[in-house]
Amino acid sequence: MSDLARVTPLRLTLAATAGLLALAALVGASASASAGPRACTASVSGYTYAGHQATYRGHGVRATITALQPPRVRSGHVAGWVGVGGPGQGPNGADAWIQAGMASVPGAAPFSYVEIARPGSERPELRVVEEGLAPGRPHRFAVLEMGRRPGWWRVWIDGQPMTEPILLPGSHGRWAPIATAESFAESPSACNAFSFRFEGVAVSYGGGGSWRPFVSGHRFLDAGNELRQLASAESRRGVYARRLSSVNVAQGPLPYAFLARSGS
């Protein structure tokens, strides 16, 4: 079986996760746990998260994401992504979202992807962009509303447009961006392992890329996972508070940066 054939079943699992995260944050829910990594603990749904949603609604989100080690996926998938939207967030309560990131499934090389849920569509669309992603190599992901075209979005990966203009009715000025890692395990005893670094996380405050520092409003942190802040931004003046870590010490962490990893 080819890698692409293995990736196809992710369409529903990745889509469901994006929507659940967005919806939970928009209604004010925030899962949190103690800071240190612990033994693998799966939720009833099989999903665990480590990431953030922005304080403010925006017109795009971007981040440089690096898998610091090869993900270990025993069941389901792991992913690190940025995106906006969710179930019920489209017109008349329709499901609508768009996200981009990197993911891994059992028996296949890591890959970058784009996922789009259009209002009225029967199911979301998953597009595999590049297979065989190497651990330690950063990739830049951006989900951005187009300038002068409210409600039209594009995905950019490593500085290149990866989608045509995509119309998501009712999306203009309504969605708070998300940057997060996730794991889905089909069995509670199947512990997946991931370690993602998110750097240069930013929110666009206007169509076309008016980028400002990301400010976290909600934190997703399930038991067994860890979030470590590397750099943050003061919300009013945009002043960055840097905390150097053993990761990327030579360059220092980029404005709004964090590590998201599992404890297993």
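Our structure is the block above this text.
The residue numbers shown here count from 1 along each chain, following its written sequence. pLDDT decides what is reported in this predicted model: residues at 70 or higher carry local features, side-chain atom pairs at 80 or more are listed and counted, and totals for whole chains, interfaces and linings draw on all residues regardless. Side-chain calculation: all heavy atoms of the structure are included, whereas hydrogens and water are not.

Enquirer: Before we go on, may I ask you to explain the environment of His139 in this structure?
Expert: Helix and strand assignments come from DSSP, with helices taken as H or I runs of at least 4 residues and strands as E runs of at least 2, each series counted from the N terminus. Mapping His139 onto the fold places it in strand 7 (residues 139-145). With a relative accessible area of 2%, His139 lands in the buried category. Spatially, the C-alpha atom of His139 lies 5.4 Å from that of Thr64, the residues being 75 residues apart in sequence. Apart from residues no more than four positions distant in its own chain, His139 is found in contact with Ala63, Thr64, Ile65, Met102, Glu130, Leu133 and Asp158. Within polar-contact distance, the side chain of His139 engages the side chain of Asp158 at 2.9 Å. Using a 1.4 Å probe on the protein chains alone, a residue whose accessible area is under 20% of its type maximum counts as buried, one over 50% counts as exposed, and one in between counts as partly exposed. Working rule for contacts: check all heavy atoms of both residues, and any pair within 4.5 Å makes them a contact. A 3.5 Å cut-off defines polar contacts: any pair of N or O atoms within that distance qualifies, except that in protein one atom must be a possible hydrogen donor and the other a possible acceptor, and neighbouring residues in sequence count only when both atoms are side-chain atoms.

Enquirer: Can you walk me through the packing of aromatic side chains in this structure?
Expert: How two aromatic rings sit relative to each other is set out by the distance from centre to centre and by the angle between their planes. By convention, a stacked pair of Phe, Tyr or Trp rings (six-membered ring in the case of Trp) has centres within 6.5 Å and planes under 30 degrees apart, an edge-to-face pair has planes over 60 apart, and any other such pair is tilted. Taken as a whole and judged by the stated rule, the model has 9 aromatic pairs. Aromatic side chains Trp153 and Trp175 sit 6.0 Å apart centroid to centroid with 25° between the ring planes, which places their arrangement in the stacked category. Here the residue Trp153 occupies a position in strand 8 (residues 152-157), and Trp175 occupies one in the loop between strand 10 (166-167) and strand 11 (178-184), the gap between them amounting to 22 residues. For the pair formed by Trp153 and Trp175, the shared burial category is buried.

Enquirer: Looking at this structure, how should I read unusual backbone geometry?
Expert: Generally, phi is negative for residues other than glycine and the peptide bonds are trans, each holding for most cases. For Arg148, which is not a glycine, the phi torsion comes out positive at approximately 65°. Turning to its location among the elements, Arg148 is positioned in the loop between strand 7 and strand 8. Although it is not a glycine, Asp158 adopts a positive phi angle of roughly 50°. The class for Asp158 is partly exposed, based on a relative accessible area of 25%.

Enquirer: Can you help me understand the pairing of strand 4 (residues 96-104) in this one?
Expert: A regular strand places its side chains so that they alternate between the two faces of the sheet. When you tally the buried positions in strand 4, you get 9 out of 9 residues, the bulk of the element. Burial along strand 4 is two-sided: the face carrying Ala96, Ile98, Ala100, Met102 and Ser104 and the face carrying Trp97, Gln99, Gly101 and Ala103 are both buried. When DSSP locates at least two bridges between a pair of strands, those strands are taken to pair. In terms of strand pairing, strand 3 (residues 77-86) meets strand 4 through 9 bridges, oriented antiparallel. Across the sheet, residue Ala79 finds its bridge partner in strand 4, namely Ala103. Summarising the sheet, strand 4 and strand 5 (residues 111-117) pair through 7 bridges and their orientation is antiparallel. Within strand 5, the position partnered with Ile98 by the bridge is Ile116.

Enquirer: Looking at this structure, I do not really get the sheet that holds strand 5. What am I missing?
Expert: Backbone-to-backbone hydrogen bonds join strands into a sheet, with any given pair of strands oriented parallel or antiparallel. Read from one edge to the other, the open sheet built from 7 strands follows the order 6-5-4-3-11-1-14, with strand pairing classed as antiparallel. The sheet is open, and its two edges are formed by strand 6 (125-131) and strand 14 (216-221), each paired on a single side. Across the sheet, the mean angle from the axis of one strand to that of its neighbour is 15°, orientation sign disregarded. The convention used is that axes are lines fitted to C-alpha atoms, helices contributing only their stretch in contact, and that angles between N-to-C directions extend from 0 to 180 degrees.

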